[in-house]
Structures are given as structure tokens and as C-alpha cells.
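Listed below are the residues making up each chain.
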Amino acid sequence: MRFERILDNGRLWAVMYDGESVNVLEKVFTQWNDYEWLRAFFTKHVEDLSSFFHITDIDRAVFDTVDDANELECLILDIDPDANLDELFRPLENTRLSEVLLGREKAKGLYHTHASWLRLYAIRLESGRYIITGGAI
């Protein structure tokens, strides 16, 4: 495993696992923009989509995901060098009250029609410095 710099100032990195050709950030955004991959994913998980988000139309879920992924990708990749990454990444556990060394964090998508189901997961190295370890729907 190695780490690839995402932001030039060295505040955001992504894991690249051995044997992979791209880092985890590139991998999740590629999946989240792949209509066939998304259709297969939502077909397999249609019950979760229906019960948690009250959406039964797989095509709508696919298009919502692509829109949300594009917004999140722009937010991550076009982030201002002085932006506070601590506002983007939040503790993975919603009940955590204090900062911890190597804390597990998440960044959510921003979709406006319903709650976003996209998540980027990261480890907080110190205030404003993160390594993205993966993502999920």
C-alpha cells in the first residue's frame, strides 16, 4: 500500500492498495459514474433503497448517484487551498465528542432531493490533514 497526494498542499491523500491501478478516491468516483455498475448495485440492493430512502425506481437512484458523485468530486478536487477540511470530514461515529489521533472520519454527498447515500471514509492524521481510505453507497 502507498499513499497518493490529492491536494498539492499535502493536506489530502488517498490510499492506493497493492495490485490496484488507481487510488481509492479515483476508484469510488469511477464506480459512482458507471451507469452499468450502479444499475447492478441498486438492483442487488433495491430493498435497502426502498426501505431507507423510499425510492423504488432504480434509474432514478442511478441518476441521483451520478449527480451527487459529480458534486462531491468537484467539492473534493476543487477545494480551496485554505479550506477547512475539518468541516468536510466528520467523525464516523456521530456520538464522538472529542478529537482523537487517527480518528475515523466520513464525508457525505450533498444530494438535495433526499439524504445522500454516498460516503468517503478517511483517517484524520491531524487537524486539516486526511487520508481517504475508501468510499461506499
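I will try to describe carefully the structure that is included in this document. The structure presented is a predicted model; accordingly, all values stated were derived computationally and were not measured.

### Quick word on the overall build of the protein
Regarding its fold elements, the protein presents 5 helices and 6 strands. Element order for the protein, N to C, with α for helix and β for strand: β-β-α-α-α-α-α-β-β-β-β. A buried classification covers 39% of the 137 residues belonging to the protein. Counting contacts in the protein only where the partners sit at least 6 residues apart, residues at least 24 apart contribute 48% of the total. Of the roughly 8000 Å² of accessible surface on the protein, 52% is carried by carbon and sulfur atoms.

### Some thoughts on unusual backbone geometry
Residues other than glycine predominantly adopt negative phi, and peptide bonds predominantly adopt the trans conformation. One non-glycine residue, His-54, lies in the positive phi region at around 60°. Looking at where His-54 falls in the secondary structure, it is placed in the loop between α3 (46-53) and α4 (58-77). A residue is classified by how much of its surface remains accessible, and His-54, at 67% relative accessible area, is exposed.

### Considering the packing of aromatic side chains
This model, assessed by the stated rule, comprises 7 aromatic pairs. Arranged with centres 5.5 Å apart and planes meeting at 90°, the rings of Phe-29 and Trp-32 form a pair that is edge-to-face. With a gap of 3 residues between them, Phe-29 and Trp-32 both fall in helix α1 (residues 24-32), about one helical turn apart. The exposure class assigned to Phe-29 is buried, which follows from its relative accessible area of 5%.

### Side note on the environment of Asp-8
Locating Asp-8 in the fold gives a position in the loop between β1 (2-5) and β2 (12-16). A relative accessible area of 76% places Asp-8 in the exposed class. Taking C-alpha positions, Asp-8 is 8.3 Å from Pro-81, a pair spaced 73 residues apart along the chain.

### Observations regarding the packing of helix α2 (residues 35-44) against α4
Look at α2 against α4: their axes get within 9 Å of each other, and the N-to-C directions meet at 130°. In terms of orientation, α2 and α4 fall into the oblique class. For the element pair α2 and α4, the recorded crossing hand is right-handed. Contacts from Tyr-35, Leu-38, Arg-39, Phe-42 and Thr-43 in α2 reach Ile-58, Asp-59, Ala-61, Val-62, Phe-63, Thr-65 and Val-66 in α4. For the contact of α2 with α4, the per-class residue count stands at 8 nonpolar, 2 polar and 2 charged.

### A look at the pattern of salt bridges
In this structure the tally under the stated criterion is 5 salt bridges. Of the charged contacts, one joins Asp-86 and Arg-124 as a salt bridge, the two residues approaching to 3.7 Å between their closest N and O atoms. Placement of Asp-86 in helix α5 (residues 85-88) and of Arg-124 in strand β5 (residues 119-126) is noted, with a sequence separation of 38 residues between them. Per residue, the accessibility class of Asp-86 equals that of Arg-124, and both read buried. Here Arg-129 ties to Glu-126 by a salt bridge, and the two come within 3.2 Å at their closest N and O atoms. On the basis of relative accessibility, which here comes to 27%, the residue Arg-129 falls in the partly exposed class.

The rules behind these values
- Residues numbered from 1 in each chain as written.
- Predicted model: local features only at pLDDT ≥ 70, side-chain atom pairs only at ≥ 80, totals over all residues.
- Heavy atoms only, no water.
- Helix = DSSP H or I, 4+ residues; strand = E, 2+ residues; numbered from the N terminus.
- Buried < 20%, exposed > 50% of the residue type's maximum accessible area, 1.4 Å probe, protein only.
- Contact = heavy atoms within 4.5 Å.
- Areas by Shrake-Rupley, 256 points an atom, 1.4 Å probe, with all protein chains shown as cover.
- Phe/Tyr/Trp six-rings, centres within 6.5 Å; stacked < 30°, edge-to-face > 60°.
- Axes fitted to C-alpha atoms, helices over the stretch in contact; angles between N-to-C directions.
- Parallel < 35°, antiparallel > 145°, perpendicular 65-115°, else oblique.
- Left-handed = near helix turned anticlockwise from the far one by under 90°.
- Nonpolar A, V, L, I, M, F, W, Y, C, P; charged D, E, K, R; others polar.
- Salt bridge = Lys/Arg side-chain N within 4 Å of Asp/Glu carboxyl O.

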